[in-house]
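A look at the structure
Below are the chains, spelled out letter by letter.
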Amino acid sequence: MRRVTVLLIYGACCLAFAGCSSQDSDDASPQEESASEGGAAVVGDAGAGSESPETATTGGTETGPGSPDESSGHAATALPEGPYCEDWPKPAIVITATGQVHGYLEPCGCSEPQYGGISRRAALLQQLEDRGWPVAAFDLGGMLKRSRSQSVLKFQTMLAALGDMKYTGLAMGVEELRIGAGNLLALNAVDPDNPEAAVSFLGANIVLFGTPDLPGGPIRSRVIERGGKKIGVAAVFGSGLKEEAGSLDPNEIAITDPVEALKKAVAELKAANCDLLVLLSHARLDESKQFATEFPDFQLVLSTGPIEEPLTNNPVKVGTTTLVTVGHKGKHVGVLGWYPDDAANPFRFEMVKLDGERFPDPKKMIDHMRDYQDVLRQANLIETEQAVPHPRGHKYVGAEKCGECHTKAFEQWEGTKHAHAFDSLRKGRRGIPRIYDPECVTCHVAGWNPAQVLRYDSGYLSEKVTPQFLGVQCENCHGPGSRHIELVESDMLVEARKLVRVTKDQVSKSLCYDCHDLDNSPAFKFESYWPDIE
């Protein structure tokens, strides 16, 4: 029986960050020059080098932001976790960029090492300010992963955190558009007494409710001042990503011609006599390169891309423009120093990995996380969101019911970490419980689909209502047991066993990884974990 009762060590919660991922790369065109083969780079006409970058040996076409579907011949370059930007003279402005965070708000704490999170990002930005460097922070969009009720609540928290980090621009991306025009308007709160402090929604070619320049809607461009310099920033949504955004109601959200929109944005920014023009391009990388070619007035283009950790061939020069990508999931922050008096090398760039040692959590960000969990508690999404029937049409019964027959397996399970998986949610990271967070709960209880963060209609609801489903149980792997019990009671034992049979081979290749993925359990090795539950 012990060979059949496969119990997995699930450990994910809260959409967390890991420090490992695949490296992907686009082929570079002949006019582009590699500006970096590692974490730091000096970027300019003389600093990019004369050799063309190594082209990828395998791969395919880019599939959009957040889609690491291309493999690369480049070896990953490990970023140092010591001092960062240490050899830089003081820049006129330091620009920090993030994007394609995809809902990864914080490390969940289920395993180490994990990187990223808004708290560590805030610590980095504060450290840069403490150096006396004028900081301008931007996000390229793609902040969410889904378009559900929890996504809107998370977006609200992330916007508040960006405001405290003094971000000045957020490009409208695929995920932002998916939550709908009404939510965007409701969440884009601008203080009328201090509009300059707002995190501007930027989208030169995004029109809400058929009304260009709608108050509260995305704006075409913005001018900010840092260190006595004027930065003009615009954002654009690439035409190639319209399908990624899904079936948007054209009466609510229209995506217009990006080129025509950028012509207007450039004219506005040039009329404002800006010292530096920056484009936030939420687009496929090839289209971002086209924007850089067609609009050389932008000295800097910050672009989304297919690579989770773009440590090689980044930045690149496209004509006279520097083009940068900053990766996914918020594990790194792209830091660019601007040196306008250095005509040969006007930019320095480094991808700074957000680890917990160099970047401790500021109290204000911890407060945001606590408030977010409290909002989830009040919303009670675990119990109120629509549940789905299990594909088999069967019901969950709980481990104790299984243990009525499978006594030895049940005793074995009671001594595993699986049986007590819910305890870590009660404690939570930084002492903040996660028991009301669907994205955490899904891998710590029975009766949910962890890959999709969906509750099955007979699965876990709450500690009070369904205590029999706490922890990772038999049915997490074997499926709901109601039909199995019916077959046993009908003396159809062969069919009963066949229904719930799961082989070690199946487990080692798929089931464990619904929760033990690279983000939440980067050190997971099936062969090492299996003896603990065998």
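Residues numbered from 1 in each chain as written. Predicted model: local features only at pLDDT ≥ 70, side-chain atom pairs only at ≥ 80, totals over all residues. Heavy atoms only, no water.

1. A word on the overall build of the protein chain
Of the regular secondary structure elements, the protein chain holds 18 helices and 18 strands. Counting over 534 residues, the protein chain shows a buried share of 57%. Nonlocal contacts in the protein chain, meaning residues at least 24 apart in sequence, comprise 75% of its contacts between residues at least 6 apart. (Helix = DSSP H or I, 4+ residues; strand = E, 2+ residues; numbered from the N terminus. Buried < 20%, exposed > 50% of the residue type's maximum accessible area, 1.4 Å probe, protein only. Contact = heavy atoms within 4.5 Å.)

2. A short note on the confidence of the model for the protein chain
When pLDDT is averaged along the protein chain, the result is 86, and 84% of the positions lie at 70 or above. Residue range residues 1–38 is modelled with pLDDT below 50. Its contacts to residues more than four positions away, or to other chains, number 187 contacts. Taken as a whole, residues 45–78 scores under 50 in pLDDT and shows 83 contacts with residues more than four places along the chain or in a different chain. (pLDDT = per-residue confidence, 0-100.)

3. Some remarks on helix α2 (residues 149–164)
The end-to-end C-alpha separation of α2 is 24 Å, in line with the 22 Å expected for 16 residues at 1.5 Å each. Of the positions making up α2, those classed as buried are Q150, S151, V152, L153, K154, F155, T157, M158, L159, A161 and L162. Looking one or two residues past α2, K166 carries a phi angle of roughly 65 degrees, positive in sign. (Expected span 1.5 Å × (residues − 1).)

4. Details of the pattern of salt bridges
Summed over all chains, the structure comprises 24 salt bridges. Put simply, R426 and E463 hold a salt bridge, and the shortest N to O gap is 2.8 Å. Residue R426 is found in helix α12 (residues 423–427), and its partner E463 is found in the loop between β18 (454–455) and α14 (474–478); the two are separated by 37 residues along the sequence. Under the relative-accessibility criterion, R426 is labelled partly exposed at 35%. Between R483 and E486 there is a salt bridge whose closest N-O contact spans 3.1 Å. Taken together, the positions of R483 and E486, both in helix α15 (residues 482–489) and three residues apart, correspond to about one turn of that helix. E486 gets classed as partly exposed once you look at its relative accessible area, which sits at 39%. (Salt bridge = Lys/Arg side-chain N within 4 Å of Asp/Glu carboxyl O.)

5. A look at the nonpolar core
By size, the foremost hydrophobic cluster in this structure holds 57 residues, and its most contacted members are L124, F155, M165 and V335. No other element matches the seven residues that α2 contributes to this core. Once residues lying within four places of it in the same chain are set aside, the contact partners of M165 are I118, R121, A122, L125 and M365. Core analysis: the second largest hydrophobic core is formed by 24 residues, A97, L202, L302 and F349 among them. (Core = buried A, V, L, I, M, F, W, Y, C linked by side-chain atoms within 4.5 Å.)

6. Remarks on the packing of α2 against helix α8 (residues 363–379)
Relative to each other, α2 and α8 sit at 160 degrees, their axes nearing to 10 Å. Judged on the interaxial angle alone, α8 and α2 are roughly antiparallel. Judged by the twist between their axes, the crossing of α2 over α8 is right-handed. Here Q150, L153, K154, T157, A160, A161 and D164 of α2 come into contact with α8, specifically with K364, M365, H368, Y372, V375, L376 and A379. Of the residues belonging to the contact of α2 with α8, the class tally is eight nonpolar, three polar and three charged. (Axes fitted to C-alpha atoms, helices over the stretch in contact; angles between N-to-C directions. Parallel < 35°, antiparallel > 145°, perpendicular 65-115°, else oblique. Left-handed = near helix turned anticlockwise from the far one by under 90°. Nonpolar A, V, L, I, M, F, W, Y, C, P; charged D, E, K, R; others polar.)

7. Some thoughts on the state of the cysteines
For the structure on display, the rule yields one disulfide. A sulfur-sulfur distance of 1.7 Å marks the disulfide that ties C443 to C515. Classification of the bridge connecting C443 and C515 rests on its S-S torsion, roughly -85 degrees, and on that basis the disulfide is left-handed. With a gap of 72 residues between them, C443 in the loop between α13 (438–441) and β17 (448–449) and C515 in the loop between α17 (504–509) and α18 (526–529) connect regions that are remote in the sequence. Judged on exposure class, the residue C443 and its partner C515 are both buried. In this model C512 remains outside any disulfide bridge; the closest cysteine sulfur is found in C477, 6.7 Å from its own. Judged by its relative accessible area of 4%, C512 is buried. (Disulfide = S-S within 2.5 Å.)

8. Let's talk about the pairing of strand β15 (residues 332–338)
The element β15 is largely enclosed, with a buried count of seven among its seven residues. The alternating pattern of β15 places H332, G334, L336 and W338 and V333, V335 and G337 on opposite faces, both of which are buried. Relative to strand β16 (residues 347–353), β15 runs antiparallel, the two sharing seven bridges. Looking across to β16, one finds that W338 is bridged to F347. (Pairing = 2+ DSSP bridges.)

9. Some thoughts on helix α1 (residues 118–130)
An ideal rise of 1.5 Å per residue puts 18 Å on 13 residues; α1 measures up with 18 Å between its terminal C-alpha atoms. Of all the positions in α1, only I118, S119, R120, R121, A122, A123, L124, L125 and L128 are classed as buried.

10. Overview of the pairing of strand β4 (residues 135–139)
Burial analysis of β4 places five of its five residues in the buried class, which makes it a mostly covered element. On β4, burial covers both faces: V135, A137 and D139 on one face and A136 and F138 on the other are all buried. Bridge analysis of strand β3 (residues 93–98) against β4 gives five bridges, and the strand direction is parallel. Each bridged residue has a counterpart across the sheet, and for I95 the counterpart in β4 is A136. Pairing between β4 and strand β5 (residues 167–171): three bridges, direction parallel. Within the sheet, the bridge partner assigned to A137 lies in β5 and is Y167.

11. Structural notes on the environment of E350
Note on placement: E350 falls in strand β16. Owing to a relative accessible area of 9%, E350 belongs among the buried residues under this scheme. Here the side chain of E350 touches C85 through a polar contact of 3.0 Å, landing on its backbone nitrogen. (Polar contact = N/O pair within 3.5 Å; in protein donor to acceptor, adjacent residues only side chain to side chain.)

12. Here we look at the side chain of S200
Structurally, S200 can be placed in strand β6 (residues 200–202). Taking relative accessible area as the criterion, S200 reaches 11% and is therefore assigned buried. Not counting chain neighbours up to four residues away, the residues in contact with S200 comprise T168, G169, L170, I219 and R222.

13. Quick word on the environment of L202
With respect to the helices, strands and loops of the structure, L202 is situated in strand β6. Between the alpha carbons of L202 and R220 there is a distance of 6.0 Å; along the sequence they are 18 residues apart. Leave out the neighbours within four places in its chain, and L202 touches G169, L170, A171, M172, P218, I219, S221, R222, V233, A235 and L280.

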